[in-house]
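# Secondary and tertiary structure notes
Residues per chain are reported as follows:
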Amino acid sequence: MHFIYTAIWQLVMNPLEASNTYLPNSTKMLSCHQEMLMLFWKLIQENNAFFRFLLAKQDISKIVDPILHFLHEGRKDSSQSGLIHLSTFILLFMSGEREFGVQLNKPLTRALTIQLPTFTGNYADYLILVFHKMLTDGHERLDSLYECLLTILANISPYIKSLSMITSIKLMHLFKLLSRPKFLFAAERNHRYIFFLLEFFNNAIQYQYEGNSRLIYAMIRDKQVFSSLASLQLPKAPEAGLNDQNQGIEGGVEQPLFPKAAPTVTAPVAKENETRESTITGWKAASGNFLPSEEWLQSWRNQLPVSTIIRLLSAVVPQIPALVTGSSADEAQILQFLKETTLVGLLPVPHPILIRRYQTNAATTTWFTTFMWGVIYLRNQAPPVFADTHVKLFTVKQLDEGEDDGDQAHNNNSIP
């Protein structure tokens, strides 16, 4: 099994290594990474012994590295949506295991070749920064994956020992985007996104507080976001938002942040290598008109897990002004204070760790079969094996034992 895993990892890493060599064409490019990821997906899904072996005795971060590379590079390319979905499902499947989250604490030592903010950290930092890019600067066809990406973050959060400052700031930036009233009120299910991020913050506070002082610092900087969310109210005239949905709060180019969630966003023209800032500008959801009601707001606002965060801020924030001297050393002094502070007796008893595991269903099975045959079709263009043919995929219905021969004959004849 070690041989199989190592061979798959080497073939999946080939596109990265071949495109980043000192001597051009010194490493031959092998276009089989999609096939290797499909094989890896089926192995971990169907062979539990192989998956357990990887978690217990192998470095699982080795395969995470190229997967995150593919996610980042393909996030704006609609032709790569199949590879993006497959990579996301692999990470979602593995995130359901404690060992996966623990291994993400391994330091990232390889020099990255993709455009991400410079950071010194671990594979968890790498994963979060890539997810932030996908959520705020990805193709609109990836909207169905947003909940999967946030579920992965929630699953690994109890085991992340430390996050870099840039990662912590990006997490808070994403939370501020998702918790804006005009985004929350744009569609009926938009509020679900903030529950995942609040779970991430709560797990970091209750299980990994000492090592995540930078995340706590980022939360303190934007403390008003949590208090505003806890006291969120419906505006007096929501119809005004609907009438002005095409007018941005800030001038700029309108592009979707979460296409199914909100119809338009306005983004100021960013300089090269800058992260796009997005502002929700409309109330009207892409799937149709939605007018939030007080009953709808109460149904989820009262369930927001913000009590632990507010208790933390209430205990720590009053002590911060005494540490501020106006010098450049203030940030380091505050971080040291947060690292040494104990919250025993101030926070509630840690809640049980909630893990959401991937569940096989007919829709994903059909999607994978379609994706697999699509790759086979594209790989056989030279020589043109399928030239002048009309390829049509169909499924064969599996009959239950109780069905008679007449039903069987009828069903067999119905196959196209």
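Residues numbered from 1 in each chain as written. Predicted model: local features only at pLDDT ≥ 70, side-chain atom pairs only at ≥ 80, totals over all residues. Heavy atoms only, no water.

A few words on the overall build of the chain. Each helix and strand in the chain was counted, giving 19 helices and three strands. Looking at the 416 residues of the chain, the share that counts as buried comes to 48%. In the chain, the proportion of contacts linking residues at least 24 apart, taken out of those at least 6 apart, comes to 72%. Only carbon and sulfur atoms are counted for the fraction: they give 53% of the accessible area of the chain, which is about 21200 Å². (Helix = DSSP H or I, 4+ residues; strand = E, 2+ residues; numbered from the N terminus. Buried < 20%, exposed > 50% of the residue type's maximum accessible area, 1.4 Å probe, protein only. Contact = heavy atoms within 4.5 Å. Areas by Shrake-Rupley, 256 points an atom, 1.4 Å probe, with all protein chains shown as cover.)

Moving on to the environment of L163. Inspection of the secondary structure puts L163 in the loop between α8 (146-156) and α9 (165-178). Given the relative accessible area of 1%, L163 is considered buried. Each C-alpha atom of the pair L163 and A204 lies 9.9 Å from the other, and the pair is 41 residues apart in sequence. Each residue touching L163, except ones within four places of it in the same chain, is listed here: A124, D125, I128, S168, L171, F200, G211, N212, R214 and L215.

This paragraph deals with the packing of aromatic side chains. Inspection of every chain in the model, using the stated rule, returns 17 aromatic pairs. Arranged with centres 5.3 Å apart and planes meeting at 80°, the rings of W41 and Y358 form a pair that is edge-to-face. On the criterion of sequence distance, the pair formed by W41 in helix α2 (residues 33-46) and Y358 in the loop between α17 (330-340) and α18 (362-379) is long-range, its members being 317 residues apart. There is no split in this pair, since W41 and Y358 are both buried. Taken together, a centroid distance of 6.3 Å and an interplanar angle of 85° make the contact between F200 and F201 edge-to-face. Here the aromatic residues W41, F51, F89, F93, Y358, W367 and F371 are joined through ring pairs into a cluster of three or more. (Phe/Tyr/Trp six-rings, centres within 6.5 Å; stacked < 30°, edge-to-face > 60°.)

Where charged atoms from two side chains of opposite charge approach closely, those side chains can pair. Taken as a whole and judged by the stated rule, the model has 10 salt bridges. A single salt-bridge network, built from bridges that share partners, covers R52, E97 and R357. (Salt bridge = Lys/Arg side-chain N within 4 Å of Asp/Glu carboxyl O.)

What follows covers the environment of I44. Note on placement: I44 falls in helix α2. The exposure class of I44 is buried, given its relative accessible area of 1%. Setting aside anything within four residues of it in sequence, one finds I44 in contact with F50, F51, L54, I90, F93 and M94.

The subject of this paragraph is α18. Taking 1.5 Å of rise per residue, the 18 residues of α18 would be expected to cover 26 Å, and the 26 Å separating its terminal C-alpha atoms lies within 8% of that figure. Where α18 is concerned, the buried positions are T364, F368, F371 and V375. Projected down its long axis, α18 carries its buried residues within an arc of 65°, all on one side. Residues of α18 that are exposed and point over 90 degrees away from its buried face: A362 and A363. Packing partners of the buried residues in α18 comprise α2 and α5 (81-95). The backbone nitrogen of A363 lies 3.1 Å from a side-chain oxygen of the residue at the head of α18, namely N361. (Expected span 1.5 Å × (residues − 1). Arc of directions from axis to C-beta. Polar contact = N/O pair within 3.5 Å; in protein donor to acceptor, adjacent residues only side chain to side chain.)

On to the side chain of S81, then. Secondary-structure assignment places S81 in helix α5. Polar contacts involving the side chain of S81 include one to the main-chain carbonyl oxygen of S78, which spans 3.2 Å.

For the chain, the mean per-residue pLDDT works out to 80, and 81% of the residues sit at or above 70. In the model, residues 238-287 has pLDDT below 50 throughout and makes 115 contacts with residues more than four positions away in sequence or in other chains. (pLDDT = per-residue confidence, 0-100.)

For the pair helix α1 (residues 2-18) and α2, the least separation of the axes is 8 Å and the interaxial angle reads 145°. The handedness of the crossing between α1 and α2 comes out as left-handed. Within the contact between the two elements, α1 uses I4, Y5, I8, L11, V12 and P15 and α2 uses H33, M36, L37, L39, F40 and L43. When grouped by side-chain class, the residues that make up the contact of α1 with α2 number 11 nonpolar, one polar and no charged. (Axes fitted to C-alpha atoms, helices over the stretch in contact; angles between N-to-C directions. Left-handed = near helix turned anticlockwise from the far one by under 90°. Nonpolar A, V, L, I, M, F, W, Y, C, P; charged D, E, K, R; others polar.)

Next up on the list: helix α11 (residues 192-207). Across its 16 residues, α11 extends 23 Å between first and last C-alpha, which sits within 8% of the 22 Å expected from 1.5 Å per residue. Across the 16 residues that make up α11, a large majority, 13, are buried.

Okay, the packing of α9 against helix α13 (residues 223-230) next. For the pair α9 and α13, the least separation of the axes is 11 Å and the interaxial angle reads 30°. In terms of orientation, α9 lies roughly parallel with respect to α13. Where α9 crosses over α13, the handedness of that crossing is left-handed. The residues of α13 that touch α9, namely those facing M172, F175 and K176, are V225, F226 and L229. (Parallel < 35°, antiparallel > 145°, perpendicular 65-115°, else oblique.)

Together, Y377, L378 and V391 make up a nonpolar patch on the protein surface, roughly 290 Å² of accessible area in all. As for its placement among the helices and strands, L378 is situated in helix α18. Since its relative accessible area comes to 58%, L378 is described here as exposed. (Patch = residues over 30% accessible without salt bridge, like charges linked within 9 Å, V, L, I, M, F, W, Y side chains within 5 Å.)

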